[in-house]
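Structural features, examined
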Amino acid sequence: MSDFVNPSGTRAVLIGVASYAHLDDISAVANNLAGLASALSAETSWKLPVSSISVLSDPASASVVIDEIAAAARAASDTLLVYYTGHGLLDRNSDLYWGLPGALANRPDTGVLWDWVRHAVTETRAKHRVVILDCCFSGRAVGAMAAEGMPVEKLYIGGSFVLASSGATTPSLANPGEEYSVFTGELLDIMRHGVQAGPKNLDLQTIYDSLHERLYARSLPVPRKSDRDGGGKIVLARNVSYTSERGKRRLRRPAVSGLVAESHSDVIRSIDCTEVEGAPVAVTVSDDGMMSVWDIVKRKRHGLVNVHDDGLNAVACHNFEGSEIAITGSDSGTLHMWDLASLMAMHRHPLKTFKLGGYRVVDLARSTLRGRPAVISVETRMEDMHRDSYRARIWDLVSQKPAGLVGGSTGTGYAVACAESDGETFVVVGSEWEAKIRTLDSRMGRLERKHWFLANPFYALSCAELRGRATVLAGRSSGLQVWDLRSKEKKFELDTGSVTALVSTLIDQEPVALVSGSKFLGIQVWSLASRERLLDIGAAQRVTAIGCLDIDGAPIAVTGDVKGNVGIWDLGKVAKRRASQD
């Protein structure tokens, strides 16, 4: 539930420095201060009287700033807000200080140390504390306030919400000639004009989400936040764009695209997506031995469990006896079944554990067997110092026993994918020598004896329906091949470069492939109808796993990278942004 501010017990201190003796002037600062003061006084925001808002423009000394904040802190009983716009710099210990008119680099005595501000803000009886910083952490270059290495955790204040205009290594822009700085301009636009398809009241978390989405869409530095003890629930403004129907739709779709705040500590190996009690979730597994369950709409982790001492390589979600489950596979040669609703409720015990006898699990795919839920595993083990072998097995989740051997050979197994068509299931297993395809009569539970091969190593697989035909997308070191599973014909090949992870989905009813590789960052999105590369979704690291889910007609991708970061991407929104930029 959102928290509403009591105007009579609220004080705001707005500080800005536009003119500098030794650094570049920032012409937008005066408008930033006037605009935010006006917005906080508006009927759609806090309705603060002029006497409750202190504006310090180009303050001469740190004592003037701290004394004003301390006075406001003593007067505030409900909410204290402190805003700063200007140059932010770092001292030799990487501690932040605000630049005063005479500020010099590496001279905190010429500015206002953040620790002083933090101490002044914490010395208040107000139940809410809000700090908004429109600055970076090392002023440099004309028209930019540069940032260097200040983690938002350095800005911690207990029981508060701290909103910073950019991350640790990106500039926070104040373009010459524009009325406001980029960050404050977007903040004021949200307060004045609202958020389309947003909630009735705009709390700080919603405003952060909207700022992140807008700035990301413009390829500009995105904000950071520190939310302690429910500070994100503080309402800053009424949403003048609110309609009840739109507000309901918003609950079913992520507010922003990009990396989420939390992550794994090592490489993410596999992702699968499903719905748990109506909520869309993603399940990620990593070399750190951890499995996480993410609420895709809220962009929050709701379940975390240390599954194995060794790394996790694979996850597949399925419906089992009316409940959504996840099956995980590890380097230690075990399969675990997990009830996702229980896991999100912090009950961290598996439903079932399978031991594989010396094999490590490298990939999993969900399937059905005689109408019952099943999963297909690809397992690899070292035969000697120079040779691996692999096998692929189908597991009946009801009997909790292996129901048959799909395939196996010498070499390392990499991937498995399934496509169901007219009562048959095509099972494709990729290895370092080939991809092997077998047909499973899923109604009778029988595997066809005959199988056929695709020559060359295949590292990633996905199945899709193209023009009513079941196809397999097979990723290799030189690109992506698309094969018709019934006619056994190669339909075409896409020049994607090396493929290490892929998934297929629909964007505006058009089949697409999402591809990541060892030689590029982020993911590529390819149309399987026109065979064109539609767009790239950038990332700072190499993506190692991709999952997809459709939410009310919106295709959502979830990515994991080599550093353990998780990203959530609304593909429809990204595609529209790219089209408008073109």
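The structure displayed is predicted, hence computed values, not measured ones. (Residues numbered from 1 in each chain as written. Predicted model: local features only at pLDDT ≥ 70, side-chain atom pairs only at ≥ 80, totals over all residues. Heavy atoms only, no water.)

What follows deals with the overall build of the protein. If you tally the helices and strands in the protein, you get 8 helices and 41 strands. Summed over its atoms, the accessible surface of the protein is roughly 23,800 Å², and 47% of this surface lies on carbon and sulfur atoms. (Helix = DSSP H or I, 4+ residues; strand = E, 2+ residues; numbered from the N terminus. Areas by Shrake-Rupley, 256 points an atom, 1.4 Å probe, with all protein chains shown as cover.)

Right, let's get into the nonpolar core. Side chains of nonpolar character tend, in soluble globular proteins, to be buried together. Of all hydrophobic cores here, the largest spans 72 residues; its most connected members are Leu14, Ile15, Leu40, Ile69, Leu81 and Trp98. Ignoring sequence-local partners within four residues, the contact set of Ile15 consists of Leu33, Leu56, Pro59, Val65, Ile69, Val82, Tyr83, Tyr84, Thr85 and Trp98. Counting 17 residues, the second largest nonpolar core, distinct from the first, contains Phe426, Ala435, Phe458 and Cys463. (Core = buried A, V, L, I, M, F, W, Y, C linked by side-chain atoms within 4.5 Å. Buried < 20%, exposed > 50% of the residue type's maximum accessible area, 1.4 Å probe, protein only. Contact = heavy atoms within 4.5 Å.)

Turning to the packing of helix 2 (residues 62–75) against helix 3 (residues 114–122), a few remarks are in order. Look at helix 2 against helix 3: their axes get within 8 Å of each other, and the N-to-C directions meet at 20°. When the axes of helix 2 and helix 3 are compared, the pair comes out roughly parallel. The way helix 2 lies across helix 3 gives a crossing that is right-handed. On helix 3, the residues that touch Ala62, Ile66, Ile69 and Ala73 of helix 2 are Trp116, Val117, Ala120 and Val121. By residue class, the composition of the contact of helix 2 with helix 3 is 8 nonpolar, no polar and no charged. (Axes fitted to C-alpha atoms, helices over the stretch in contact; angles between N-to-C directions. Parallel < 35°, antiparallel > 145°, perpendicular 65-115°, else oblique. Left-handed = near helix turned anticlockwise from the far one by under 90°. Nonpolar A, V, L, I, M, F, W, Y, C, P; charged D, E, K, R; others polar.)

As used in these notes, a disulfide is a covalent bond between sulfur atoms, one from each of two cysteines. Throughout the structure, instances matching the rule amount to 0 disulfides. The thiol of Cys548 is unpaired, and the distance to the nearest cysteine sulfur, on Cys273, comes to 6.9 Å. (Disulfide = S-S within 2.5 Å.)

This next bit is on the sheet that holds strand 1 (residues 10–16). The mixed open sheet is built from 6 strands, whose spatial order is 2-1-3-7-9-12. Whereas interior strands pair on both sides, the edge strands pair on one side only; in this sheet they are strand 2 (53–57) and strand 12 (224–227). Sheet twist, expressed as the average angle between the axes of neighbouring strands with direction ignored, equals 10°. Two elements, strand 3 (residues 79–85) and strand 7 (residues 128–134), share 7 bridges in a ladder whose sense is parallel. Among the inter-strand pairings, Val82 is bridged to a residue of strand 7, identified as Val131. Across the sheet, helix 3 touches strand 3 and strand 7, and the angle it forms with strand 7 is around 155°. Of the strands in this sheet, strand 3, strand 7 and strand 9 (160–164) touch helix 4 (residues 182–193), which is tilted by about 130° from strand 7. (Pairing = 2+ DSSP bridges.)

With the rule as written, the count across this model stands at 3 aromatic pairs. Taking the centre distance of 5.0 Å and the plane angle of 55° together, the rings of Tyr414 and Tyr459 count as tilted. Of this pair, Tyr414 sits in strand 27 (residues 413–421) while Tyr459 sits in the loop between strand 30 (446–455) and strand 31 (460–466); the two residues are 45 residues apart in sequence, bridging distant segments of the chain. Against the face of Tyr359 rests Arg391, its NZ or CZ located 3.7 Å from the ring centre. (Phe/Tyr/Trp six-rings, centres within 6.5 Å; stacked < 30°, edge-to-face > 60°. Lys NZ or Arg CZ within 6 Å of the ring centre and 35° of its normal.)

Counting through the fold element by element, Val361 comes out in strand 23 (residues 360–369). Each C-alpha atom, one on Val361 and one on Tyr390, is 9.6 Å from the other, the two residues being 29 residues apart in sequence. Leave out the neighbours within four places in its chain, and Val361 touches Asn313, Ala314, Gly329, Ser330, Thr334, Leu335, Leu356, Val378 and Glu379.

Bringing the pattern of salt bridges into the picture now. Per the counting criterion, the structure on display carries 15 salt bridges. For Asp115, the salt bridge identified is with Arg118, shortest N-O distance 2.4 Å. Within this pair, Asp115 and its partner Arg118 are both found in helix 3, separated by 3 residues, close to a single helical turn. One salt bridge connects Asp331 with Arg360, and the closest N-O pair in it is separated by 3.5 Å. On the criterion of sequence distance, the pair formed by Asp331 in the loop between strand 20 (323–330) and strand 21 (334–339) and Arg360 in strand 23 is long-range, its members being 29 residues apart. Via salt bridges that share partners, Glu186, Asp189 and Arg214 belong to a single interconnected network. (Salt bridge = Lys/Arg side-chain N within 4 Å of Asp/Glu carboxyl O.)

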